[in-house]
Each structure stands twice: as structure tokens, then as C-alpha cells.
Amino acid sequence: MSLFRRTLPALRALSRSSIQNSDASSLRVAGCSDPITHDKLSDTGVLSRKKGFVIDMDGVVYHGSRLLPGAIEFIDWLECNDKQYLFLTNSSEKTKRELREKLSRLGLAVDEDRFHSSAEATASFLRSQYEVDTTEGKKGGSHHTGSCYVIGEAGLMHAIYMAGFSMNDVSPDYVVIGETRNYDFEKMETAARLVRKGARLIGTNIDIVDPSERGIIPAAGALLAPIELMTGAKAYYVGKPNPIIMRQAMQKLGCRREDTVVIGDRMDTDIRAGVETGLSTVLLLSGVTALEDVMHFGFRPHFIAKGLFQVANDLERYIDRLPANTEQLAVSSTSPSSSS
């Protein structure tokens, strides 16, 4: 029995009041230049038949230190229907244990193996790249120990160590940068100098800004920008929308892409990653991307919903087999378009 199922009875009582206070009315898509069809309730079966769910965290499951309505009900549905699911975050700050503990503090208890971050994805990518280099004899043979100069928090440091790399601020193989609040001129200067000496520049994700309880804050992409400008090097970004992190997630899930759906709040990372990997996509309007922003992208999500509470409500109603013509679907099906 999973950790979530063991704590479920208490969590259900806690969450019912919050979801009842949420606006669960049907999503009306106004102001979009592309026609968007609103399928009836029975078409929620498209989601209910999926076997694997890749779920973003910030803006989908929580905002800062606040659990969003529907999160408990949605995970309850996944657990009760034996679905495979994975929380996939572009943040590299926290370890899997810290992510699990954060959700636990918010009232959602899940197992540690339900998480995958851009820190782990970056470390795995570096290990695979380094193995290529040593095989080709570029690093002096298989006994050479790879090294990195890392600007980031504990999650990224831990993942790099666990991948077998040591820390090096003199002649590293890679300069790796993720989100951190400890970024200063000296670190930027050191990173640029090492890149000019030949270290490869790696970013955990391409995000320029992230939302926080204090407002917008710089993300990894913003910290990498001055180093790219100073050196002329172009960083390689491993996190979403890079298909690398999506393939890693699907390997952990053990599901085929046609059986998998990605749920996120950002068109530029979550939804784009799903589109480029061939997954079904659900955009939630509870985070970064607003409805009016969708028309500015050259691709479309398969579904749009206000938040997880709508997804959870519609899935539950579908399982209960309510009449298909009772009301329009809160999760609206969209027609993918090749132009914005």
C-alpha cells in the first residue's frame, strides 16, 4: 500500500471544503482566434483511459506553501485506478526527499520515487555525455573522474555527486547552473572564465523567471544569460521542454507515449515538452500561462482546464457515468494548430 493511500482518509476531509469553494463551472474560451470545440462530458474518457500521468508541481499542485484545490482528489483518483504518475519539476533546488517533505507539509503524502527533477535529469545527461567522451578517449581513459563547477542549490549538488562527478573550480569538464539565491559577481566571473577555458556550459532549464509568493524571481535561464553573453557559448538546457527529461520520465513510468499525458501550467515548457514528445497535453490556468496567452504559441494543448479541481471533478463524474448531455466539459478539448 502506498504512502498516499495510508493517509488518504484524513486528507479527503481536509480537501473537500476547498474544492467545494472553487469555481467548477465549465471553461468558456473567449477571445481565441482559433476555433476551440467543447466536447461533452463523455469525452473525458480520453483522459481516464491514459495509463501514465506526468504532473508539473508549482502552479499545478501548489502555489508556494499553499496546496491547490483538487490536488488530493486527483491523486486519489490516480491511486484508486492504479495509474502510474510522476511529479516532474523544472526546478533543480530540492532533492526528492525535500520535495516529498514539502508535499507532506502541505497535506499530500506520496512516495519519494514519485518525483523527478531537472537536477536529476541534468546529472543523468552529464553521465551519459561523459561516458561518450571517455569511450572516445577524450578524457584520458575510463579512470578519469568527471568534474563540474556548479552554481545551484542542494538538489543540484546532490544529483551531480550521485552521478559520480566531483566539484572543481579550476579545470572542470562542465559548468552547470540551476536556480539559486546565492548568485553573485564572483560566481558569474568564475563560470565565464572556466567556460572560456573549455568547460561545457549546461543549464538545468531554460526558464527565465519563476513565480513565487514574493512575485517574479530569476530562474536558471536568467542566471545563464550573462555567461552566454560574456563567452559567446550557448548553454545546453536539459529540463523541459527538452524531450530528454520527458523520455526519462516515461522510462520511470514504464508507459508508452500514446498512453501518457502531461499536465502543466506553462505553454513554453510543460505543453511544448508534451507536444514534442508526442504526449497528450493538459494546460491548467492555475499557474503561469493565462488563457489569452495560448493564441500566441504555434501549438495547442489537447485540453485546457482552470485547475486540477476541474480535472478531478470531470474524471469522477465520468466514472460515475452521468448522462453525457448534462453539462459541458470543464476540461475543454482543443484542436491543435500549427500556427498562432
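Residues numbered from 1 in each chain as written. Predicted model: local features only at pLDDT ≥ 70, side-chain atom pairs only at ≥ 80, totals over all residues. Heavy atoms only, no water.

Asks: Looking at this structure, how should I read the environment of D184?
Replies: Looking at the secondary structure, you find D184 in the loop between strand 8 (174-177) and helix 7 (185-196). Using a relative accessible area of 38% as the deciding quantity, one classes D184 as partly exposed. Residues D184 and L223 lie 39 residues apart in sequence; the distance between their C-alpha atoms is 9.7 Å. Among the polar contacts listed, one links the side chain of D184 to the backbone nitrogen of E186, at a separation of 3.3 Å. (Helix = DSSP H or I, 4+ residues; strand = E, 2+ residues; numbered from the N terminus. Buried < 20%, exposed > 50% of the residue type's maximum accessible area, 1.4 Å probe, protein only. Polar contact = N/O pair within 3.5 Å; in protein donor to acceptor, adjacent residues only side chain to side chain.)

Asks: For this particular structure, what's the right way to read the side chain of E228?
Replies: Checked against the element boundaries, E228 lands in helix 8 (residues 220-231). Notably, E228 is buried but unbridged: the nearest opposite-charge side chain belongs to K234, and the N-O separation is 5.4 Å. Polar side-chain contacts of E228 include one of 2.9 Å to the backbone nitrogen of A235. Within the structure, E228 has its side chain in polar contact with the side chain of Y237 (distance 3.4 Å). (Lys, Arg positive; Asp, Glu negative; His and termini not counted. Salt bridge = Lys/Arg side-chain N within 4 Å of Asp/Glu carboxyl O.)

Asks: Hey, could you run me through helix 9 (residues 243-253) in this one?
Replies: Count 3.6 residues to each turn of an α-helix, and residues three or four apart come out pointing the same way. Listed in full, the buried residues belonging to helix 9 are I244, I245, M246, Q248, A249, M250 and L253. Its side-chain oxygen at 2.9 Å from the backbone nitrogen of I244, N242 defines the N-terminal cap of helix 9. In the stretch just after helix 9, G254 is the one whose phi turns positive, near 75°.

Asks: Hey, could you run me through the packing of helix 9 against helix 10 (residues 267-277) in this one?
Replies: Between two packed helices, both the angle of their axes relative to each other and the distance between the axes serve to describe the pair. Between helix 9 and helix 10, the shortest axis-to-axis distance is 9 Å and the interhelical angle comes to 75°. Judged by the inter-axis angle, helix 9 sits roughly perpendicular to helix 10. Residues P243, M246 and M250 of helix 9 form the contact with helix 10, whose participating residues are A273, E276 and T277. (Axes fitted to C-alpha atoms, helices over the stretch in contact; angles between N-to-C directions. Parallel < 35°, antiparallel > 145°, perpendicular 65-115°, else oblique. Contact = heavy atoms within 4.5 Å.)

Asks: It is not clear to me how the packing of aromatic side chains should be interpreted in this structure. Could you clarify?
Replies: The description of an aromatic ring pair uses the distance of the two centres, along with the angle that the planes make with each other. This model, assessed by the stated rule, comprises eight aromatic pairs. Judged by centre distance (5.4 Å) and plane angle (25°), the rings of F87 and F115 are stacked. Here F87, found in strand 4 (residues 84-89), pairs with F115, found in strand 5 (residues 115-117); they are 28 residues apart in sequence, far enough to count as distant. A relative accessible area of 0% places F115 in the buried class. Of the aromatic side chains, those joined through ring pairs into one cluster are F53, F74 and W77. (Phe/Tyr/Trp six-rings, centres within 6.5 Å; stacked < 30°, edge-to-face > 60°.)

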